[in-house]
Each structure stands twice: as structure tokens, then as C-alpha cells.
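# Chains, contacts and geometry: an overview
Next come the chains, spelled out residue by residue.
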Amino acid sequence: MQSPSARILLVEDHDIVRIATSMLIQEMISDAVVDTASNFREAAHAVSSTHYQLVILDLNIPGTDHLLTIEKLRALQSGVPVLVFSGQKEELYGLHCIRAGAAGFVSKESKATELQEAIRVVLNGQKYLSAVVRAQLIGSMLQQGVSDPAELLSPKELVVMEMLLEGKWTKDIAGQLNLKSTTVSTFKARIFKKLGVNNLLDLARRVEMYHLSNGDAILNAEK
């Protein structure tokens, strides 16, 4: 029996997105084998027991802690490329995913052809950098002063910051990330200190000011 040209793991908890994405992959690689996982436990088991040429990952699947999931999956299968396919804000998460070890980031708001191109690029052993991520990389190289608020934060702090700006309470964040409320409060204090703000309104303005000055999409967070 001839081996498939690609074996891909799709980690996605929404049935419709999972089915549509699988069809999209099959459309471009007819003999590809697409395995699926709907939560981190299933994904971890899959990459521990099967060799994949590519993992397509939604950051928001159950049982994950966002950016840290990339590192965890790559640790379970050394060198496996992880392409993030997410509804998270690309302006906030794209570059951080690349720096966390992802081979690329594609927004769920993108056209189907962009996802197909990203899959093609990553399967060819390269990183896929969207226009947004490329612009951020160039800006980062030109401005080593690190004016981007997100650049100052750790992956976990970045996740907590976005949840705070979405209006979530400390106990809700703690429950979603499987942390103690006191730990989330510590992260919140660190975020405020690193960004030089005293409250959530100032935090939202700080992030918004960065995006305004760089011509990026504004983080919609008026809390």
C-alpha cells in the first residue's frame, strides 16, 4: 500500500470548521490523510502515537493554554510543524505564535486560498508569514526599542491581558486557564507594571495607541 503524500492532524473543536477545513485540504492534496482532534488531550495522544507532516491548530480548543500549546505539541513530536488557524486577533497573536515555535498563523477571517497557500508553504518546509506578521517582523527589526505592548509580555501574560480587555473577571480567567485566582491577580499586576498603567481603561488605551501609531487594526476593547 502506497503511503499518503501527507498526514495532517487538524486540532479543532467546531464540527463545521473541522469538516470544511478537511475538505479544503483534500481538495489540494487528494491522497492526504487528515486526522482530527477536538481537544488537547486527543491532540496530545495523536502526536504521541502517529507521525505527522503538519499539525493545524486552533488556539482555543478545550484543555489548552493558548500559545503554550504550540510548545507542548512540538515537545511531544520533535520538529512537527504547527500551523495556527485561529479566530484570535492576528495583530495580537500572529507574531507571538511564530516566536512560540509555530510555522505560520492564518486567521479564520482569511480566504480559503490563503489557508491552502499556508499549508503548501509549511509542507514544503518553510514558514508562512502573512502580510500582517511580515509587517510586524519588519517593524520589530526597525524598532528595537520595543514599542509594542505585547512585546513586553510573556505568552501567559499576553493571554491574560487579552482576556482582561475582553471584560472577563479574574475568577473567570482562572477557571478558563486552570489557574488560581491569586495567580491571575499576580499576572494582572505584572502586566500593569510592565506597561506602566494603573487600570484596565489605561491598559486598553495603551494597546490602542500602539495600533493607531502603527496603522494596524485597533484592538476593540473599551472596558
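Now for a quick tour of the structure. (Residues numbered from 1 in each chain as written. Predicted model: local features only at pLDDT ≥ 70, side-chain atom pairs only at ≥ 80, totals over all residues. Heavy atoms only, no water.)

Attention now goes to the packing of helix H8 (residues 170–177) against helix H9 (residues 181–195). The relative placement of two packed helices comes down to the angle between their axes together with the axis-to-axis distance. The N-to-C vectors of H8 and H9 enclose an angle of 110 degrees; their axes lie 8 Å apart at closest approach. When the interaxial angle is binned, H8 and H9 end up roughly perpendicular. Here Thr-170, Lys-171, Ile-173 and Ala-174 of H8 lie close against H9, whose contacting residues are Ser-181, Val-184 and Ser-185. (Axes fitted to C-alpha atoms, helices over the stretch in contact; angles between N-to-C directions. Helix = DSSP H or I, 4+ residues; strand = E, 2+ residues; numbered from the N terminus. Parallel < 35°, antiparallel > 145°, perpendicular 65-115°, else oblique. Contact = heavy atoms within 4.5 Å.)

Another aspect to go through is the environment of Thr-113. Mapped onto the elements of the fold, Thr-113 is located in helix H5 (residues 112–123). Overall, the relative accessible area of 53% leaves Thr-113 in the exposed class. For Thr-113 and Leu-24, which are 89 residues apart along the polypeptide, the C-alpha to C-alpha distance reads 9.1 Å. (Buried < 20%, exposed > 50% of the residue type's maximum accessible area, 1.4 Å probe, protein only.)

Right, let's talk about the pairing of strand E4 (residues 82–86) for a bit. Burial runs high along E4: 5 of the 5 residues are buried. Burial of the side chains of E4 extends over both faces: Val-82, Val-84 and Ser-86 are buried on one face and Leu-83 and Phe-85 on the other. Pairing between strand E3 (residues 54–57) and E4: 3 bridges, direction parallel. Within E4, the position partnered with Leu-57 by the bridge is Val-84. By the bridge criterion, 4 bridges tie E4 to strand E5 (residues 104–107) in an arrangement that is parallel. Residue Val-84 lies in a different strand from E5, and its bridge partner there is Phe-105. Considered for its hand, the β-α-β crossover made up of E4, helix H4 (residues 90–99) and E5 is right-handed. (Pairing = 2+ DSSP bridges. Right-handed = clockwise from strand over helix to strand, strands pointing away.)

As a further point, take the nonpolar core. Ile-70, Cys-97, Met-161 and Ile-191 are the most contacted members of the largest nonpolar core, which has 44 residues in total. Among the elements that make up this core, the one with the highest residue count is helix H7 (residues 155–165) (7 residues). Those residues in contact with Ile-191 that sit more than four places away from it in its chain are Leu-153, Glu-157, Val-160, Met-161, Leu-164 and Leu-203. If you look at the next biggest cluster of nonpolar residues, it comprises 20 residues, including Ile-29, Leu-54, Val-106 and Leu-115. (Core = buried A, V, L, I, M, F, W, Y, C linked by side-chain atoms within 4.5 Å.)

Assignment of secondary structure puts Gln-88 in the loop between E4 and H4. In this structure Gln-88 comes out as buried when scored by relative accessible area, which is 9%. At 3.0 Å, the side chain of Gln-88 and the side chain of Asn-60 are in polar contact. (Polar contact = N/O pair within 3.5 Å; in protein donor to acceptor, adjacent residues only side chain to side chain.)

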